[in-house]
Every structure is written in structure tokens, then in C-alpha cells.
Amino acid sequence: MRHLPRLLFLGTAALALGGLAGCAESEDETKAAGGETGDDGGGADGTDGADGSDGADGDDGGGDPGVTWHADVAPVLARHCFACHSDEGIGFDLGDYDTTALLAEAIVAAVDSGQMPPWPPDEEGCAPLDNPRRLSPDEQAILEAWLADGTPEGDPASAPTDTGESDVVLPDEDIVLELPAAYTPNSIDDDYRCFVVDPGLTDSTQITGFQVHPENPAIVHHMLLYTDPSGQGAALDAAEEGPGYTCFGDPGFYDTSVVGAWAPGSPGVKLPEGTGLPVTAGTQLIIQMHYSPAGDPGGSDQSIVSLDIAEEPVESVFFVPFLDSRLEIPPDTENHVEGTSVVLDYGIDVMLYGGGPHMHRLGRSIRIEKETPAGERDCLIDIPEWDFNTQEIYMLQEPMAVNDGDTIHLECTYNNGASNPYATGDTVRWGDATDDEMCLVYALVGLAR
């Protein structure tokens, strides 16, 4: 059983208190279900043999139009899909009728199978998570009926003015930070590059949310946003040619804290109401980009990070990592378990608000639990089927008290066997490269009051 280094835990807390998906996505073109209408005996062209009305608008000549895009389907997708699949999002725009009608069969199949919207956590026996992405049975039935009826568009005037709350709550974008220049990774190997950006903070403030817009997702493995209160990044940048500087592991100095994170699948993070990550006036920020250039050899990137800033003081929180850096994953194993247990014995009690689990492509599952000195265990987050391309920071519906003397258990399972196309054939250890592995959770915590 390990004890989190006192300097790391208390130092991170002091720094912070002194002042880390969408709907159905398919690469294949899917034909829209068309032709024959669901129950009116219409022909393959969508016309009704009785009155010649056009089945495409769902109107039967004055009666109930049935399930239509504008009145029924678009509101469902707005609640569960638009945050990721929009004209500025990933893959394709599900806010566009023609696109959605073309993909209707694939969308229904993905929703019915549970593949979409992506929601990897298993909350059975674990703490309930905020904003779970799930369609209700009634919402699934709407999509199925729309497909069966030939994907009618309906009347735009029938669209409701209020579609309900989205299950992806995106932060405001009060400050927008772009990499200083387009950067082309040095080789096909993993490239960690840090860029100094100035948010222009004339007063101390708190970050209440963040969002990353990778310009070239094919090469962006992940991003971390660090504070640089003493301005050390500028000297490191000036000492190296080209935009930014090399920075494996961390930004190159210890006087820092993490105030943002992104990995594939992250839609953006809105911190729990009444909490924020403190940043002192005049602090510069370091955007650390992990590039995996093999996804687009020779491609460049100039990603954007946006921040939501508190309008008034809120409760300070901070990210603290729990990790197992002593990984040794042998070849030809499909259920190899690693992990760590960290005793919090620092004389303080904290509230745990959520966390962002992280592994690489050998990852199979990851689970985080809390255990009291009396042996009572609570599951915090459980990802039973790890997917590298669907990562995010999950928030608990209610923060959980972690008291002095409690233990945090982190368990990671790996597949380095023949059934995993990313298996290496060699022993894999902790490391920053994509072909290395990690067993890590960035926990969002604040001092208990």
C-alpha cells in the first residue's frame, strides 16, 4: 500500500488554494431507410395511393403527421447528440435533416445497441454520475418510429421552442487561447510540446470550465493545461527553436498545477456548481500537447483552448493525480491487472467531486474506489470496457467525503494479447509514448468545510 508523497499532495493543494460525445458516428455511408411508408400503403416514391400526398413531410392530408424530424427527432438529438455532432463538432452534423435522414438506419442501430451516445461508466453499485448520456425508452421509440415511417421531415413550424436540457453541459468560452503558431511534430514518434499562452488575467480568478478544440484530431493524443505563476515557461520556449518547447511528463518545472485536460472523446468540462480552479493575477498558462504524428504524417496543428471564468468567488478545487507508475504488462496476456492503493494520512479531510481516468490502448478496464479504515468501500468510477477514443472527466452527482485515513484504490486491467490489435509482443511499462501505458486518474478535490 502506497502513501501519496506528502509534497505532491499538500503542494498541489497549497498552489490551488493559494491563489479534465455525441451520437452515432460511422465512417461508412449508410443509405437512408426509404421508399415504403410504415402503414399507409404508400409506394416506393413516398406517395400515398389514395391522395397523392408526399410521405416525405409526414402529412397524410390533414391528419396526424406522425413522428417527424422537426417536431420529434431533432429535439431528441439536441438533448443527446448536438453537443458533439454539430457543424463545428466531430464526424458529421446531426443538426442537419438531410445528413441525419441519410444516416437514420445507422443511428437507430447504434442507439439500440447502446453504442451511442457513448457512456462507458457502469454505475451499478457505484456513485451516481452527473449528466449521464442515455436515451429513455420513449426517445428510442421516437427514432425507431421515424425510421419506420421513412424519415419524414415535417413542418419546421412544428419544432418546439424548448428542447430540454442537454446531457452534455458545455462551459462558456470567456477566454479563448490559440497555440501561438501552427506546429508540425518533429517526427513520426510521440512529440510532447509545450506552448506559453497569456490569458491576460489582471485579477486573480477561478476557472469553472474548459473546452479544447483540436485543429488536427488525427495527431492530438491529449492535452494538459498548466499554470505558470513564476513565468518559467518563457525562458524554456526561448531556448528552443520553433514554436514551443519539448516537455515530456510535465511543463519542465514544479511550480505549477493542472487547470484543464482533454483526451479523445472529451466534449468539454463544466465544473460542479460553486467550484473553480484558482489562478492568480498575471499567471501565464502552458498548453502541453501530446502529438502522435503517425495519424497524419507531416500534418500540423494549431489547437484552441477556451476557459469559463467565475463571475464571483467560488469554492476552490484542484486536480490531484492518483497513479501506478510501476507498470509491468507482460506480452501474450489479455487480463493483466495492475494498480495501487493510496492512504490519505495528511491530517486533512477533502471532498471528491469527480475524476478523469486515463489509460492507453492496451487498457481494458479501470476502477476507482474509496475505503474507510473500518473496511467500508465505495465505488467512485468504474469503466468496465475501456475505449481510448471515449475519455472524459466524470463528475459525481454529489461530492463524496474522503477523510484523513481513508484509502483510494486504483485498479487497471490490460490486454496485451493476440485479441488486441495494439498488442506489442513485448513487456509494456509506464511511459509518455502512445505505445507505453498509464494507470491514472486525475481526481477533482476540495477541502472539506
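Computed from a predicted structure; not experimentally measured.

Enquirer: Please give an account of the sheet that holds strand β16 (residues 377–383) that cites residues and values.
Expert: Ordered by their spatial adjacency, four strands build an open sheet running β13-β18-β15-β16, and the pairing between neighbours is antiparallel. Of all strands in the sheet, those with a lone pairing partner are β13 (336–343) and β16, marking the two edges. Strand-to-strand, the axes of this sheet are offset by a mean angle of 15°, without reference to chain direction. Note that β13 and strand β18 (residues 407–414) share eight bridges and pair antiparallel. Paired with V342 across the two strands is I408, which belongs to β18.

Enquirer: Report on helix α2 (residues 69–80), specifying residues and quantitative values.
Expert: Burial analysis of α2 places 10 of its 12 residues in the buried class, which makes it a mostly covered element. What α2 keeps buried is the set W69, H70, V73, A74, P75, V76, L77, A78, R79 and H80. Where the residues of α2 are buried, they touch α3 (97–102) and α5 (137–148). The opening residue of α2 is T68, an N-cap whose side-chain oxygen sits 3.3 Å from the backbone nitrogen of A71.

Enquirer: Go over a negative patch on the surface, please, and point to the residues and values.
Expert: On the surface, D172, E173, D174, E311 and E312 cluster together into a patch of negative charge. Tracing the backbone shows D172 in the loop between α5 and β1 (175–178).

Enquirer: Explain the packing of aromatic side chains residue by residue, including any values.
Expert: Tallying each qualifying case throughout the model produces nine aromatic pairs. Ring geometry for Y192 and F248: centres 5.0 Å apart, planes at 40°, overall tilted. Pair noted here: Y192 is in strand β2 (residues 191–197) and F248 is in the loop between β5 (245–246) and β6 (258–262), with a separation of 56 residues, a long-range link. For F248, a relative accessible area of 45% puts it in the partly exposed group. Aromatic ring contacts, followed pair by pair, group W69, Y97 and W146 into a single cluster.

Enquirer: Residues and numbers for empty space enclosed by the protein, please.
Expert: Estimates place the volume of the largest cavity at around 60 Å³. Around the largest cavity, the lining residues are F322, L352, G354, G355, I368, L380, I381, I408, V441 and A443. Contributing elements (two or more residues each) for the lining of the largest cavity: β14 (350–358), β16 and β19 (440–447). Here the lining of the largest cavity gets three residues from one element, more than from any other, and that element is β14. For the lining of the largest cavity, the per-class residue count stands at eight nonpolar, two polar and no charged. Taken together, P120, P357, I383, W386, T390, Q391, E392 and Y394 make up the full set of residues lining the second largest cavity. When the residues that make up the lining of the second largest cavity are grouped by side-chain class, the tally is five nonpolar, two polar and one charged.

Enquirer: Describe the nonpolar core, and please don't skip the residues or the numbers.
Expert: By size, the foremost hydrophobic cluster in this structure holds 47 residues, and its most contacted members are L277 and L307. When sequence neighbours within four positions are dropped, the list of residues in contact with L307 reads D172, E173, D174, I175, L177, I207, G209, F210, L225 and L285. W119, V320, V350 and L362 belong to the second largest nonpolar core, which has 35 residues in total.

Enquirer: Run through α5, naming residues and quoting values.
Expert: Look at α5: 16 Å from first C-alpha to last across 12 residues, which is about the 16 Å you get at 1.5 Å a residue. Every buried residue belonging to α5 is among E139, L143, W146 and L147, and all of these are buried. The buried residues of α5 all sit within an arc of 100° when viewed along its axis, so they share a single face. When the buried face of α5 is taken as reference, the exposed residues oriented beyond 90 degrees from it are P137 and D138.

Enquirer: Can you explain the sheet that holds strand β9 (residues 284–291)? Please cite residues and give values.
Expert: Taken in spatial order, the five strands line up as β5-β2-β9-β4-β6 in an open sheet, and their pairing is antiparallel. Two strands bound the open sheet, and with one partner strand each, they are β5 and β6. Relative to β6, strand β4 (residues 220–228) is paired through four bridges, and the arrangement is antiparallel. Counted as the bridge partner of L225 is G260 from β6.

Enquirer: Tell me about the environment of D228, and name the residues and values.
Expert: Relative to the helices and strands, D228 is located in strand β4. Among the residues examined, D228 registers a relative accessible area of 0% and is labelled buried. On a C-alpha basis, the gap between D228 and Q284 in space is 5.1 Å, while along the polypeptide they are 56 residues apart. Not counting residues within four places of it along the chain, the set of residues in contact with D228 comprises G233, A234, F253, T283, Q284 and I286. Looking at D228, its side chain comes within polar contact range of the main-chain nitrogen of Q232, at 2.9 Å.

Here is what the cut-offs are and how they apply
Residues numbered from 1 in each chain as written. Predicted model: local features only at pLDDT ≥ 70, side-chain atom pairs only at ≥ 80, totals over all residues. Heavy atoms only, no water. Pairing = 2+ DSSP bridges. Helix = DSSP H or I, 4+ residues; strand = E, 2+ residues; numbered from the N terminus. Axes fitted to C-alpha atoms, helices over the stretch in contact; angles between N-to-C directions. Buried < 20%, exposed > 50% of the residue type's maximum accessible area, 1.4 Å probe, protein only. Contact = heavy atoms within 4.5 Å. Polar contact = N/O pair within 3.5 Å; in protein donor to acceptor, adjacent residues only side chain to side chain. Patch = residues over 30% accessible without salt bridge, like charges linked within 9 Å, V, L, I, M, F, W, Y side chains within 5 Å. Areas by Shrake-Rupley, 256 points an atom, 1.4 Å probe, with all protein chains shown as cover. Salt bridge = Lys/Arg side-chain N within 4 Å of Asp/Glu carboxyl O. Lys, Arg positive; Asp, Glu negative; His and termini not counted. Charge placed at Lys NZ, Arg CZ, Asp CG, Glu CD. Phe/Tyr/Trp six-rings, centres within 6.5 Å; stacked < 30°, edge-to-face > 60°. 1 Å grid on protein atoms, 1.4 Å probe; cavity = no way out; pocket = protein on both sides within 12 Å on 5 of 7 lines; lining within 4 Å. Points joined across faces, edges and corners; volume = space filled by probe spheres on them. Nonpolar A, V, L, I, M, F, W, Y, C, P; charged D, E, K, R; others polar. Core = buried A, V, L, I, M, F, W, Y, C linked by side-chain atoms within 4.5 Å. Expected span 1.5 Å × (residues − 1). Arc of directions from axis to C-beta.

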